[in-house]
Amino acid sequence: MPYKRENVVAIYPGSFDPITLGHLDIIERGCRLFDKVIVAVVTNPNKNPLFGVRDRMRLIRASTSHLNNLEVDSFDGLTVNYAHIQEATVLLRGLRVLSDFEMELQMAHTNKTLSEAIETVFLATSNEYSFLSSSVVKEIARFGGSVDRFVPQPVAIEIYRCYARTQPGSTPNQTAPNLKANPPKL
């Protein structure tokens, strides 16, 4: 029988501006693998976010309320320092494409150099989300496209509200499709 550690805490760090269905896929799968997952919203001074940290945290909570072993938090600074504070031993990362792997592997090696106690676990993004990023979602919304197929419904509504302020005539679409039953066809 394989050895299983008890109470393994994983940190899933990111900007989540906004959280996408690709992020949600990684979060749900991480919650099945680890005793506790902390989605940690990183404050990145180099990015100009669509939503503030508190709004991103609120949207993540609304999108993950069905998961009972999940926490949502925020931090700034080094991820390994935050992981130590939370007594986490795993950093959870999603991989979409080869270019993600190069950057993520470099970051994993750096984090391992900073802390031997931290392991990075990579999950390959599900095929239907392999193209999806927060930047793509914001670009679609900015030009008036529908984002219902890319983000959880509470997030889509907030995105439409945000862009309705800058694009007259835009209105939120209140009925997001069930993506598990009807995956997007691209």
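See above for the structure.
Reading guide: rules and limits
- Residues numbered from 1 in each chain as written.
- Predicted model: local features only at pLDDT ≥ 70, side-chain atom pairs only at ≥ 80, totals over all residues.
- Heavy atoms only, no water.
- Helix = DSSP H or I, 4+ residues; strand = E, 2+ residues; numbered from the N terminus.
- Buried < 20%, exposed > 50% of the residue type's maximum accessible area, 1.4 Å probe, protein only.
- Contact = heavy atoms within 4.5 Å.
- Areas by Shrake-Rupley, 256 points an atom, 1.4 Å probe, with all protein chains shown as cover.
- Pairing = 2+ DSSP bridges.
- Right-handed = clockwise from strand over helix to strand, strands pointing away.
- Axes fitted to C-alpha atoms, helices over the stretch in contact; angles between N-to-C directions.
- Phe/Tyr/Trp six-rings, centres within 6.5 Å; stacked < 30°, edge-to-face > 60°.
- Salt bridge = Lys/Arg side-chain N within 4 Å of Asp/Glu carboxyl O.

1. Quick word on the overall build of the protein chain
Then step 1. For the protein chain, the count of helices and strands is six helices and five strands.
Then step 2. Secondary structure elements of the protein chain occur, N-terminal to C-terminal, as β-α-β-α-β-α-β-α-β-α-α.
Then step 3. Split into buried and exposed, the 186 residues of the protein chain put 46% on the buried side.
Then step 4. Sequence separation of 24 or more characterises 74% of the internal contacts of the protein chain that already satisfy a separation of 6 or more.
Then step 5. Taken as a whole, the protein chain presents about 10500 Å² of accessible surface, with 52% of it coming from carbon and sulfur.

2. Comments concerning the pairing of strand β3 (residues 70–75)
Then step 1. The sheet contact formed by strand β2 (residues 36–42) and β3 spans six bridges and is parallel. From the neighbouring strand, V37 faces β3, where its bridge partner is L70.
Then step 2. Of the crossover connections in this fold, the one passing from β2 over helix α2 (residues 53–63) to the parallel β3 is right-handed.

3. Quick look at the sheet that holds strand β4 (residues 90–95)
Then step 1. Judged by pairing direction, the sheet is parallel, and its five strands sit side by side in the order β3-β2-β1-β4-β5 without closing on themselves. The sheet is open, and its two edges are formed by β3 and β5 (119–124), each paired on a single side. Within this sheet the neighbouring strands show an average axis-to-axis angle of 30 degrees, counted without direction.
Then step 2. Bridge count for strand β1 (residues 9–14) against β4 is two bridges, and the pairing is parallel. Its bridge partner being in β4, A10 is matched across the sheet by V90.

4. Side note on the packing of aromatic side chains
Then step 1. Enumeration according to the criterion identifies four aromatic pairs in this entry.
Then step 2. Seen from their ring centres, Y12 and F16 are 5.2 Å apart, and the 75 degrees between their planes marks the pair as edge-to-face. The exposure classification of Y12 matches that of F16, with both residues buried.
Then step 3. Ring centres of F75 and Y82 lie 4.5 Å apart, and the angle between their planes is 10 degrees; this geometry places the pair in the stacked category. Comparing F75 with Y82, the two get one shared label, buried.

5. Remarks on the environment of F143
Then step 1. Along the chain, F143 falls in the loop between α5 (134–142) and α6 (153–166).
Then step 2. For the pair F143 and Y163, spaced 20 residues apart in the sequence, the C-alpha separation amounts to 9.1 Å.

6. Things to note about the pattern of salt bridges
Then step 1. Applying the stated criterion across every chain, the model contains 10 salt bridges.
Then step 2. Put simply, K36 and E71 hold a salt bridge, and the shortest N to O gap is 2.8 Å. Separated by 35 residues along the polypeptide, K36 in strand β2 and E71 in strand β3 bring together distant segments of the chain.
Then step 3. For R161, the salt bridge identified is with E158, shortest N-O distance 2.9 Å. Pair noted here: R161 and E158 are both in helix α6, with a separation of three residues, about one helical turn.
Then step 4. Linked through salt bridges whose partners overlap, the residues forming this network are D55, R58, E158 and R161.

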